[in-house]
Amino acid sequence: MNADITLSGWAANNEESALVKELVASFEETHSAISVDYNPIQSKYKQKIKTQLGAGNAPDAFYVDSSYFPSFASANVLLSMDELEASEEYNTDDFFQPLLEAFRFDGTLYGVPKDFSTLGLFHNTAMLEEASVEPPETWSDLEDVLSALKDNVSNENFKAPMIEFANARSWWAFLFQNGGQVLSDDGSEVVFASDAGVEALEYLVGLREDGLLALPTDLGSGWHGAALASQEVATAVLGPWGLPFLEGYEDNPDINDQVDVAHLPIPSDGQKATIAYTVSYSASAKTDSPAAARELIRSLTGDEGMSQWARKGLALSARQSHSELEYYQNHPRRKTLLDAGEWSQPFSFGPNSESIVNRVRPQLEAAMLGEKSPSDALETAQTKINSEVL
């Protein structure tokens, strides 16, 4: 199997690019007949890959974000990975199944999870201790914890118990926790303006109205990691991308040791759920070397390849067994976020996922800013999507 193939992805940072090059070099050492040209795309990644796929000159293998994966898969531009999944030497059962299923379309697997991120409850342990509270397990507990923080934290930088974006990112997780869903079972319509969805948004809006949750515009920090690091807030719903920031925060080096991560609190009668942001290695349906492209993906996402990726701490391994890796044992915050992969809900809602999200977010913001009631906001978004998109 002599082949020259190309691999592409977005240039997230120099460290990621260096690691990919290292993994590719290791692959070439053990696959002398396959040469891999790694060529990351510097900007407008999705648009460029989409154009290349349409023109038939896309890289042989490349990243695909779950948010737009269904639109690619429905256009028949991706190579099936069913042959790889069926291989006795490749264990797809080890992947967190929600992540693997995020890259299956109409029964066919078109990608393998490269990594993922979940949302957890980051919290300042010193502030919780000062308020004599523990990390919350339920929504009711969270209200109590935030109230105690509001009344008892003495840090001069402290401005609010919790931070959330105006577009209510955590609502998506709370929706699923509360038994709701974005799409109907047959995918023909959106159904998030259900009682479960409205109740989840009312809960977040209520935290805001009670002074327990602040928006970035209320603070000096523009995002959750910075607000935690500056001690303006005590809690935030955040993903693993916040950890490198805290670990390298020079203005207050002690803050990293004060911030821990717990699973998201759930409704008292709800279910465990969090959002997963995941990316696949996929291949072009028009590749001249399908076997080589699959073999590269097999290597990059196998036990050893993904172990090397995990140890960089850039994102989480998509393999369940890696919870036992020494790296995760030594990095318990990342392990907490990793373990939530079991009950995660990929941030992907069919071929029209991006159109759905783009119409929901402004309505979530209107509710969080008090411009609309939660029910009106969600009903408006649902009607627009079902009439204009689906």
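Below is a summary of the structure that appears in this document.

Criteria and cut-off values
- Residues numbered from 1 in each chain as written.
- Predicted model: local features only at pLDDT ≥ 70, side-chain atom pairs only at ≥ 80, totals over all residues.
- Heavy atoms only, no water.
- Helix = DSSP H or I, 4+ residues; strand = E, 2+ residues; numbered from the N terminus.
- Buried < 20%, exposed > 50% of the residue type's maximum accessible area, 1.4 Å probe, protein only.
- Contact = heavy atoms within 4.5 Å.
- Areas by Shrake-Rupley, 256 points an atom, 1.4 Å probe, with all protein chains shown as cover.
- Lys, Arg positive; Asp, Glu negative; His and termini not counted.
- Charge placed at Lys NZ, Arg CZ, Asp CG, Glu CD.
- Pairing = 2+ DSSP bridges.
- Core = buried A, V, L, I, M, F, W, Y, C linked by side-chain atoms within 4.5 Å.
- Phe/Tyr/Trp six-rings, centres within 6.5 Å; stacked < 30°, edge-to-face > 60°.
- Lys NZ or Arg CZ within 6 Å of the ring centre and 35° of its normal.
- Salt bridge = Lys/Arg side-chain N within 4 Å of Asp/Glu carboxyl O.

### Quick look at the overall build of the protein
Secondary structure summary: the protein contains 18 helices and 13 strands in total. Principal axes of the C-alpha set define a box for the protein whose edges measure 70 × 50 × 35 Å. Considering the protein as a whole, with its 390 residues, one finds that 57% of them fall into the buried category. Across the protein, contacts joining residues at least 24 apart in sequence account for 73% of those joining residues at least 6 apart. Carbon and sulfur atoms form 41% of the exposed surface of the protein, whose accessible area is close to 16,300 Å². Between the centroid of the 25 positive side chains of the protein and the centroid of its 60 negative side chains there is a distance of 8 Å.

### Let's talk about the pairing of strand E7 (residues 120-124)
Most of E7 sits inside the fold, with five of its five residues counted as buried. With four bridges joining them, E7 and strand E10 (residues 233-238) adopt antiparallel strand pairing. By the bridge assignment for E10, leucine 121 is matched with valine 237. Pairing between E7 and strand E11 (residues 259-262): four bridges, direction antiparallel. For phenylalanine 122, the partnering residue across the bridge sits in E11 and is valine 261.

### Here we look at the nonpolar core
Counting 77 residues, the largest nonpolar core has Leu7 and Phe122 as the members making the most contacts within it. Apart from the residues lying within four places of it in its own chain, the contact partners of leucine 7 are Val20, Val24, Val36, Asp37, Tyr38, Asn39, Ala61, Phe62, Tyr281, Leu296 and Leu300. Membership of the second largest hydrophobic core comes to 56 residues, among which are Leu128, Leu212, Val237 and Ala367.

### Quick word on the packing of aromatic side chains
The relative placement of two aromatic rings is captured by the distance of their centres and the angle of their planes. For the structure on display, the rule yields 20 aromatic pairs. On the numbers, 5.2 Å between centres and 45° between planes, the contact of tyrosine 68 with phenylalanine 72 is tilted. Assigned by exposure class, tyrosine 68 and phenylalanine 72 land together as buried. Ring-pair connections join several aromatic residues into one group, and the members of that group are Trp171, Trp172, Phe192, Trp241, Tyr277, Phe347 and Phe349. Positioned above the aromatic ring of tryptophan 343, the side-chain terminus of lysine 272 is 4.4 Å from the ring centre. One cation-aromatic arrangement involves arginine 319 over phenylalanine 95; the distance from NZ or CZ to the ring centre is 4.2 Å.

### Examining the pattern of salt bridges
Here the structure, examined in full by the defined rule, presents 15 salt bridges. Linking arginine 104 and glutamate 85 is a salt bridge whose minimum nitrogen-to-oxygen distance equals 3.0 Å. One end of the pair, arginine 104, is in strand E4 (residues 104-105); the other, glutamate 85, is in helix H4 (residues 82-86), with 19 residues separating them in the sequence. On the basis of relative accessible area, arginine 104 is assigned to the partly exposed category, the value being 22%. Across the salt bridge formed by lysine 159 and glutamate 232, the nearest N and O atoms sit 3.0 Å from each other. Here lysine 159 is found in the loop between helix H7 (139-152) and strand E8 (160-163), whereas its partner glutamate 232 is found in the loop between helix H10 (224-229) and E10, with 73 residues between them in sequence. Assessed through its relative accessible area of 52%, lysine 159 is described here as exposed. One continuous salt-bridge network, built from bridges that share partners, spans Glu16, Lys114 and Asp115.

So far we have only geometry, and geometry alone does not tell us how the molecule works.
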